[in-house]
Amino acid sequence: MVVSVEPSRAGAVLTVDLGAVRANYRQLAGMSAATCAAVMKADAYGLGMAQVAPALASEGCRVFFTAHLDEGIRLRPLLPADCTIYVLHGPPPGTAHDCFQHGVVPVLNDPAQLQEWRALAATLGRELPAAIQLDSGMSRMGISPADLAALSAGRDWLAGVRPRLVMSHLACADEPHHPMNDAQRGRFDSLRALFPGVPASLANSSGIFLAPAYHYDLLRPGAALYGINPQPGAPNPLRQAVSLHARIVQVRTVRDGDVVGYGAHHVVAGERRIATVAVGYADGWLRSLSGRGYAFVDGVKVPVVGRVSMDSMGLDVTGIAPERVAPGCEVELMGVSHPIDDVAALAGTIGYEVLTRLGSRFNRRYL
Ligand SMILES: *Cc1c(COP(=O)(O)O)cnc(C)c1O
């Protein structure tokens, strides 16, 4: 990925490689006979739904998921009319009509959501499509086995609702040997027996890599589309889709015993050169990277020194040619040299959190 050093008024530049997102979609879709959807929640994990969604639609993706109803409503005009948008959290109380009016399909997660959707269908005098989520053991979202048993004991319990998808979510898909995976799959199979002939979906990104038995009819990747490794610990088969570059504001020489940054925690040993770059925790560059993170200058690793401030941080650039680290030069914070998952590990978190925290403060470039 070539990033030009052009004058910019922003402190940092987030580059989103839509070609990589599209290639990741093709790769995931190619792993299975199932249909491949795309998860768009949190503004496509921070990459920008307005750019990512149409790019994936042009790759042939026809099924999309958001978390919230307002995300689904914002996504609707970005996609061709034949695309389905499922809202994972379902309609918040009192919003069933909004959901219907905007042409998004709710995921019904409990008896109350089912009841609201049925009531709307009765009012409109028509059948309404929905996805049904079943709780196969994660205890987060979805109709519990007990509620399902009670509901399905009633007559015409789905009257007015046309289930287009029955789904559940795995708690431990990124741990291939965890017994929860098999247990959840078994529970999902027994619960979904109440929905004969309805397409099923269980696998998020990591679930796709577990085994074909987890694929069912529809794959629901988010993270892997955006370059996060679905199999932590194994080589990442997907392409990095995001890179982050920050601009150097100032460079100084410090001497033995000088301190760098808030708290005066970093004490310099010997003479060093410190570059101050214009990115900080307010941009989503996590404060937990203080004294632990790295940046890259022409592929050379340089450490973050001292605490990450709100809008800036220090890098020890001793030994890098001065013309490479002058004010205005860009350093790479994340990208091909420094994958998201490595940054996340140094920050003590996961790639998902790193991606979704990256701020709207950046200048964004789409490739
Ligand atoms: C977020 C989410 C996904 C996507 O998960 P990834 O791990 O990002 O692939 C799929 N299904 C549900 C229900 C989700 O909440």
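Residues numbered from 1 in each chain as written. Predicted model: local features only at pLDDT ≥ 70, side-chain atom pairs only at ≥ 80, totals over all residues. Heavy atoms only, no water.

If you check an unreviewed UniProt entry, the protein chain appears there as Alanine racemase from Massilia yuzhufengensis. Here is the UniProt Function (unreviewed entry) comment for the protein chain, exactly as written: "Catalyzes the interconversion of L-alanine and D-alanine. May also act on other amino acids." Regarding the protein chain, the relevant UniProt record gives this comment under Sequence similarities (unreviewed entry): "Belongs to the alanine racemase family." (UniProt positions renumbered as here; feature names shortened; annotations may be inferred.)

Peer 1: Teacher, can you tell me more about the site of the ligand here?
Peer 2: Residues in close proximity to the ligand total 14 residues, the closest being Lys 41, Tyr 45, Ser 205, Ala 223 and Tyr 352. Within the backbone of Ala 223, a nitrogen or oxygen atom sits 2.8 Å from an oxygen atom of the ligand. Coverage of the ligand by the protein amounts to 94% of the 380 Å² it exposes when considered alone. When the residues that make up the shell around the ligand are grouped by side-chain class, the tally is 7 nonpolar, 4 polar and 3 charged. (Near = heavy atom within 4 Å. Polar contact = N/O pair within 3.5 Å; in protein donor to acceptor, adjacent residues only side chain to side chain. Areas by Shrake-Rupley, 256 points an atom, 1.4 Å probe, with all protein chains shown as cover. Nonpolar A, V, L, I, M, F, W, Y, C, P; charged D, E, K, R; others polar.)

Peer 1: It is not clear to me how the nonpolar core should be interpreted in this structure. Could you clarify?
Peer 2: Where a protein is soluble and globular, its nonpolar side chains tend to be buried together. Among the nonpolar cores identified, the biggest contains 114 residues, and Met 40, Leu 47, Leu 56, Phe 64, Phe 65 and Tyr 226 are the most heavily contacted of them. Each of domain 1 (19-226) and domain 2 (242-366) contributes no fewer than three residues to this core. Discounting residues that sit within four places of it in the chain, Leu 56 has contacts with Val 21, Arg 22, Tyr 25, Ala 38, Met 40, Cys 61, Phe 64 and Leu 225. (Core = buried A, V, L, I, M, F, W, Y, C linked by side-chain atoms within 4.5 Å. Buried < 20%, exposed > 50% of the residue type's maximum accessible area, 1.4 Å probe, protein only. Domains from an automatic or database assignment. Contact = heavy atoms within 4.5 Å.)

Peer 1: What exactly am I supposed to notice about the pairing of strand 18 (residues 330-334) here?
Peer 2: For a regular strand, side chains alternate in direction, first toward one face of the sheet and then toward the other. Counting buried positions along strand 18 yields 5 of 5 residues, so the element is predominantly enclosed. Bridge count for strand 11 (residues 242-254) against strand 18 is 4 bridges, and the pairing is antiparallel. What sits directly across from Ala 246, in strand 18, is Val 331. (Helix = DSSP H or I, 4+ residues; strand = E, 2+ residues; numbered from the N terminus. Pairing = 2+ DSSP bridges.)

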